[in-house]
Amino acid sequence: MTETAKPVVHLEDDRFKVTEWRFAPGAETGWHRHEHDYVIVPLTDGTLRLDLPGDQQAEARLTQGVPYSRRVGVEHNVINGSTTAPLSFLEVEVVDDAQAHRRKATMERLMAAFNARDLEGLMACMSAHCAFHAAAGPEAEGTIHRGPDAVRAAYAAIFDAFPQAAWTEGAHVVMGDTGLSTWRFRGTTREGGAIDVRGCDVFAFDGDLIALKDSYRKARG
Ligand code: NI
């Protein structure tokens, strides 16, 4: 009977999982698919025999302390190629990015609050030292509104300028401390003028909240 490699989980949080795999001579993991990107750090020298999809086989040399990385989706059965020496490595998996999920949720709440014309809801998405750079204005950045009071007044002015307004087709991505929302804005001004343009916000985050909303809109002409 084939011996199974022993996994020992050393660390598991909302971002990483670190597992030490201990292989007796000839032991194997069994077939598995990697659901996350990962890094392998060999704790011993050794040779891995790999069973791969399509009846393929391969060998990989491990050198103690020399890491390598793989992307999600790898499928294999990993076998200690030595019949005499044990082998072990650390597997560091990137399991998730909880902060990115929370930041994306903030961006979704902000767009919902704009559509609900909910000033309190908007400000609940903004950090204590927030700023808003409007799509148009005299500065290279557009009009700069700095601090919660100025940002609140600028958001209120948007609702005032557009008695009817809808932000739709929202899509949100988070990259590190930066967020990007794209959307379509349809609104009617007090004077009855209609506007229908695509635009985006580039966000800078402070924790889970928005420190800067930097707005861009297409200029139709
Ligand atoms: Ni594997």
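This next bit is on the side chain of asparagine 80. Tracing the backbone shows asparagine 80 in strand S8 (residues 75–80). A relative accessible area of 2% places asparagine 80 in the buried class. Engagement of the side chain of asparagine 80 in a polar contact is seen with the backbone nitrogen of serine 82, the distance being 3.0 Å. Contact partners of asparagine 80, with chain neighbours within four places excluded, come to Phe23, Ala24, Pro25, Gly26, Ala27, Thr47, Ala85, Pro86 and Leu87.

Right, let's get into the coordination of the nickel ion. The nickel ion binds to the protein through His32 (NE2), His34 (NE2) and His76 (NE2), with metal-donor distances spanning 2.0 to 2.1 Å. Read from N- to C-terminus, the donor residues coordinating the nickel ion fall into the pattern H-x1-H-x41-H. Note that histidine 32 is positioned in strand S3 (residues 32–33) and histidine 76 in strand S8, a separation of 44 residues in sequence. Residue classification places histidine 32 among the partly exposed positions, given a relative accessible area of 25%.

Our next topic: empty space enclosed by the protein. Taking a probe equal in size to a water molecule and rolling it over the atoms shows the remaining empty space. Applying the stated criterion across every chain, the model contains one cavity of 30 Å³ or more. A volume near 70 Å³ is recorded for the largest cavity. Met107, Leu110, Met111, Phe114, Trp167, Ser181, Trp183, Asp201, Phe203 and Lys213 together form the lining of the largest cavity. Looking at the lining of the largest cavity, the elements with two or more residues in it are helix H1 (98–116), strand S13 (178–188) and strand S14 (194–206). Here the lining of the largest cavity gets four residues from one element, more than from any other, and that element is H1.

So, on to the packing of aromatic side chains. One pass over the structure, following the stated rule, counts eight aromatic pairs. Ring plane angle 45° and centroid distance 5.4 Å describe the contact between phenylalanine 23 and phenylalanine 89, whose orientation is recorded as tilted. Highlighted residues: phenylalanine 23 in strand S2 (residues 16–23) and phenylalanine 89 in strand S9 (residues 87–94), separated in sequence by 66 residues. Among the residues examined, phenylalanine 23 registers a relative accessible area of 1% and is labelled buried. Look at phenylalanine 89 and you get buried, because its relative accessible area is 6%.

This part is about the pairing of strand S10 (residues 126–133). In terms of burial, S10 is a largely internal element, six of the eight residues being buried. Sheet topology note: the S10/strand S15 (residues 209–217) ladder contains four bridges and is parallel. Each bridged residue has a counterpart across the sheet, and for alanine 131 the counterpart in S15 is leucine 212. Across three bridges, the pairing between S10 and strand S11 (residues 144–146) is antiparallel. Across the sheet, the residue bridging to phenylalanine 132 is histidine 145, located in S11.

Now for the sheet that holds S9. Two orientations exist for strands paired in a sheet by backbone hydrogen bonds: parallel and antiparallel. On the basis of which strands lie adjacent, the open sheet formed by five strands has the order S1-S2-S9-S4-S7 and antiparallel pairing. Of all the strands in the sheet, just strand S1 (6–12) and strand S7 (68–70) have a single pairing partner and so form its edges. Averaged over all pairs of adjacent strands, the angle between strand axes in this sheet comes to 25°, irrespective of strand direction. Bridge analysis of S2 against S9 gives eight bridges, and the strand direction is antiparallel. Across the sheet, residue phenylalanine 16 finds its bridge partner in S9, namely valine 94.

Here the idea is simple: oppositely charged side chains can pair when their charged atoms come close. Under the definition given, this model contains twelve salt bridges. When the shortest N-O distance is used, the salt bridge between arginine 33 and glutamate 35 registers 3.0 Å. Each of Arg184, Arg186 and Asp196 takes part in salt bridges that share partners, so that together they form one network.

Thresholds applied
- Residues numbered from 1 in each chain as written.
- Predicted model: local features only at pLDDT ≥ 70, side-chain atom pairs only at ≥ 80, totals over all residues.
- Heavy atoms only, no water.
- Helix = DSSP H or I, 4+ residues; strand = E, 2+ residues; numbered from the N terminus.
- Buried < 20%, exposed > 50% of the residue type's maximum accessible area, 1.4 Å probe, protein only.
- Polar contact = N/O pair within 3.5 Å; in protein donor to acceptor, adjacent residues only side chain to side chain.
- Contact = heavy atoms within 4.5 Å.
- Donors = N, O, S within 2.8 Å, 3.2 Å for Na, K, Ca; no water.
- 1 Å grid on protein atoms, 1.4 Å probe; cavity = no way out; pocket = protein on both sides within 12 Å on 5 of 7 lines; lining within 4 Å.
- Points joined across faces, edges and corners; volume = space filled by probe spheres on them.
- Phe/Tyr/Trp six-rings, centres within 6.5 Å; stacked < 30°, edge-to-face > 60°.
- Pairing = 2+ DSSP bridges.
- Axes fitted to C-alpha atoms, helices over the stretch in contact; angles between N-to-C directions.
- Salt bridge = Lys/Arg side-chain N within 4 Å of Asp/Glu carboxyl O.

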